[in-house]
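# Descriptive analysis of the structure
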Amino acid sequence: MVRRGGAPIGTETIRIVADVRDAILAVKYKLTAEFKNAADKIKQNFAKLGKNIDQFGQKLEKKLPKQMQEAAENATSAAISQVERFRDRIKLLWQHIQHYLSFTIGVQLVMRSVRALQQTIELFTEFEKRVTMAAAVSGYFGKSFDVAVASISKLAISLGKKTIYSANEIAEAMYSIASAGYDVGEITEKDLIPILNYAASQQIDLSDATEIVVKTLKEFGNQGETTASIVDKFTAAISNSFLNAKRLAEGMKYVGAMAAEVGVSLDETLASLALLVDRGYEGSQAGQRLNMILTKLLKPTEEAKKALNTLGLSIEDLNPETNSLIEILYKLRAAGFSATEASAMFRSRTAAAALTLVENADAVARLSMEMKYASGITEELAKRQIDTLSGALALLRNNVTALAISIGRDLKPIIIAVADAIQDHLIPVVKALSAPLQALGVFFSRASGGSKTLIGVLLSMVTAGVVVLGYLKLLSLALRVIGEDFVASAITAVGFRKALTALGVGVGAFINQALNLGSTASLVGLSFSSLTAE
């Protein structure tokens, strides 16, 4: 389909318009049917009520003396007339309710449609901004910029439909990746899926997951690590220790760069962090202690060299650039490394952490081995998180977001044209019309005290007149709804009371019998339930 002017309308937009039209028709048919059923029930209830009154009148006629028969007939006719008028009032009220409901539903549909359109535009604007920033930070210009924007948009929307993170969140993650120096125009779904899986499996913000994974990739990428292997090792470390995503990120912040610099593997780094956290260290403390241990092993002090000589070890035996961290730990344990040597080689706080690692070298080795065989664990956990109610709702939200972005893309040319028209034509007209108002404002500002008082009095009189007219309008409406017939019926009822008193019949008993309250209470309740039912 092509809109007037030649611009194509997206198929998703056409489908949304059709759905909204069908929803409006369904609501209309449902309300019409409910209104008809309620009106029929009220009519039946009042018919039964009138029949009960007729029956009571016939019984009463047989019991009344001949001289009271005429009075009884008049009173009964008056009561029936009153019920009929009340029925008419209810019918009129029901018509007002129908009109009000129709108007309210229409207003709600319009308001919600406007709000949905506004949110759609906001979603698309935010998405477009993030995608544009990601392409710009990657260094694209000219035609290549448009190609990069299209590629990033397509990837973000595609992943948003498959994961619990929206296209906007994925676009923001791609901006973070671009800021780290990577070319987002060349990033594929294979590169991003592991980061999304890690964030989903640990239930953390996508921005936090992106930051730690990208930083680790920059640090350990030269060792052959990829986003997939990094997140699997993160997940394995978290699953086998007291580490969590936050503690791991804090620890890696302090030790990641140093470990990668001296050649310690990511497996050994994470295993050491996990062991220290299991022994009571916070994530940041574990990272700081491990950083200091590696630093002192790389550049030992003279006192440390003497301590190593007493153990029969040399500097080269413990050089982290030529020996793995696990090998160093085993060498120190085999040589009888104790608190004395630890205090000589490290500071007091670092010495305790070093001694803990040496004494638990087997545990560090075991945790390191867990990292090597953790392939696919993150993806499996992410799938389990998605296969929940919250995951299903997130997928639904993301698909709605993708649809909103598609609609926003279709509306973009129209919005731009309207904005240009307002700027080029409407604003100059408003400025021209504002000149007399500005002159009036200058006049008021220069008016003397007496003139200002007069103006205030005139404004007060106008305001009071509007309020009085409003009250009169409300009073007129009330009288029209109640009507004079109600007052006349009340007077008739008063006269009829005198007749009942002369017969020795109580008013309460008569009303109870006339209306047959015991048998018709349910009918009256049903009538008002129909009136108030949604």
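Being a predicted model, the structure only gives us computed values, none of them experimental. (Residues numbered from 1 in each chain as written. Predicted model: local features only at pLDDT ≥ 70, side-chain atom pairs only at ≥ 80, totals over all residues. Heavy atoms only, no water.)

Regarding its fold elements, the protein presents 21 helices and zero strands. Residues classed as buried in the protein amount to 35% of the 534 residues present. When contacts within the protein are restricted to residue pairs at least 6 apart in sequence, long-range pairs at least 24 apart make up 73% of them. Surface summary for the protein: the accessible area is close to 31,500 Å², and the carbon and sulfur share equals 60%. (Helix = DSSP H or I, 4+ residues; strand = E, 2+ residues; numbered from the N terminus. Buried < 20%, exposed > 50% of the residue type's maximum accessible area, 1.4 Å probe, protein only. Contact = heavy atoms within 4.5 Å. Areas by Shrake-Rupley, 256 points an atom, 1.4 Å probe, with all protein chains shown as cover.)

A grouping of L389, L393, L396 and V400 is seen on the molecular surface, where their side chains present a nonpolar patch of about 420 Å² in accessible area. Assessed through its relative accessible area of 54%, L396 is described here as exposed. (Patch = residues over 30% accessible without salt bridge, like charges linked within 9 Å, V, L, I, M, F, W, Y side chains within 5 Å. Salt bridge = Lys/Arg side-chain N within 4 Å of Asp/Glu carboxyl O.)

Turning to the nonpolar core, a few remarks are in order. Membership of the largest hydrophobic core comes to 102 residues, with the highest contact counts inside it found for I170, L192, Y198, L248, F337 and M345. If we ignore the near neighbours within four places in the chain, the residues touching F337 are L311, L332, A342, M345, F346, A354, L355 and V358. (Core = buried A, V, L, I, M, F, W, Y, C linked by side-chain atoms within 4.5 Å.)

Running from N to C, helix α9 (residues 266-278) and helix α14 (residues 348-359) cross one another at 110°; their axes reach a closest spacing of 10 Å. Looking at the two axes, α9 sits roughly perpendicular to α14. Judged by residue contacts, S272, L275 and L276 of α9 engage A353, T356 and L357 from α14. Considering only residue class, the contact of α9 with α14 consists of four nonpolar, two polar and no charged. (Axes fitted to C-alpha atoms, helices over the stretch in contact; angles between N-to-C directions. Parallel < 35°, antiparallel > 145°, perpendicular 65-115°, else oblique. Nonpolar A, V, L, I, M, F, W, Y, C, P; charged D, E, K, R; others polar.)

Let's shift gears to unusual backbone geometry. Of note, Q203 is a non-glycine position whose phi angle comes to about 55°, a positive value. Inspection of the secondary structure assignment puts Q203 in the loop between α5 (189-202) and α6 (206-220). Residue Q203 is classed as exposed on the basis of its relative accessible area of 51%.

What follows covers the pattern of salt bridges. Applying the stated criterion across every chain yields a total of 12 salt bridges. Here E225 makes a salt bridge to K233, at a shortest N to O gap of 2.7 Å. Each of the two residues, E225 as well as K233, counts as buried. With a closest N to O distance of 2.8 Å, E380 and R384 form a salt bridge. One end of the pair, E380, and the other, R384, are both in helix α16 (residues 377-386), four residues apart, so they sit about a helical turn from each other. Assessed through its relative accessible area of 42%, E380 is described here as partly exposed. According to the relative accessible area criterion, R384 is exposed, its value standing at 53%. A single network of salt bridges, built from pairs that share partners, joins E126, K129, R130 and E172.

Next up on the list: helix α15 (residues 361-372). Relative to the 16 Å expected for 12 residues at 1.5 Å per residue, α15 spans 17 Å between its end C-alpha atoms, a close match to the ideal helical length. On its buried face, α15 is in contact with α7 (227-239), α9, α12 (325-334) and α14. (Expected span 1.5 Å × (residues − 1).)

Let us look at the packing of aromatic side chains. Across all of its chains, the model carries one aromatic pair by this definition. Taking 5.6 Å as the distance between ring centres and 55° as the angle between the ring planes, the aromatic pair formed by Y198 and F234 counts as tilted. In this pair, Y198 is assigned in helix α5 and F234 in helix α7, connecting sequence segments 36 residues apart. Residue Y198 is classed as buried on the basis of its relative accessible area, which comes to 0%. Overall, F234 belongs to the buried group, its relative accessible area being 0%. (Phe/Tyr/Trp six-rings, centres within 6.5 Å; stacked < 30°, edge-to-face > 60°.)

So, on to the confidence of the model for the protein. Looking at the protein as a whole, the pLDDT averages 76, with 66% of positions reaching at least 70. Across the protein, α9 holds the top mean pLDDT of 94, while helix α21 (residues 517-532) sits lowest at 40. Long-range and interchain partners of residues 481-494, a stretch whose pLDDT sits below 50, account for seven contacts in this model, where long-range means more than four residues apart. Below a pLDDT of 50 lies the segment residues 510-534, which in the model reaches 30 contacts outside its immediate sequence neighbourhood of four places, other chains included. (pLDDT = per-residue confidence, 0-100.)

This part covers the environment of V277. Relative to the helices and strands, V277 resides in helix α9. The exposure class of V277 is buried, given its relative accessible area of 7%. Sequence separation of V277 and L248 is 29 residues, and the distance between their C-alpha atoms is 9.4 Å.

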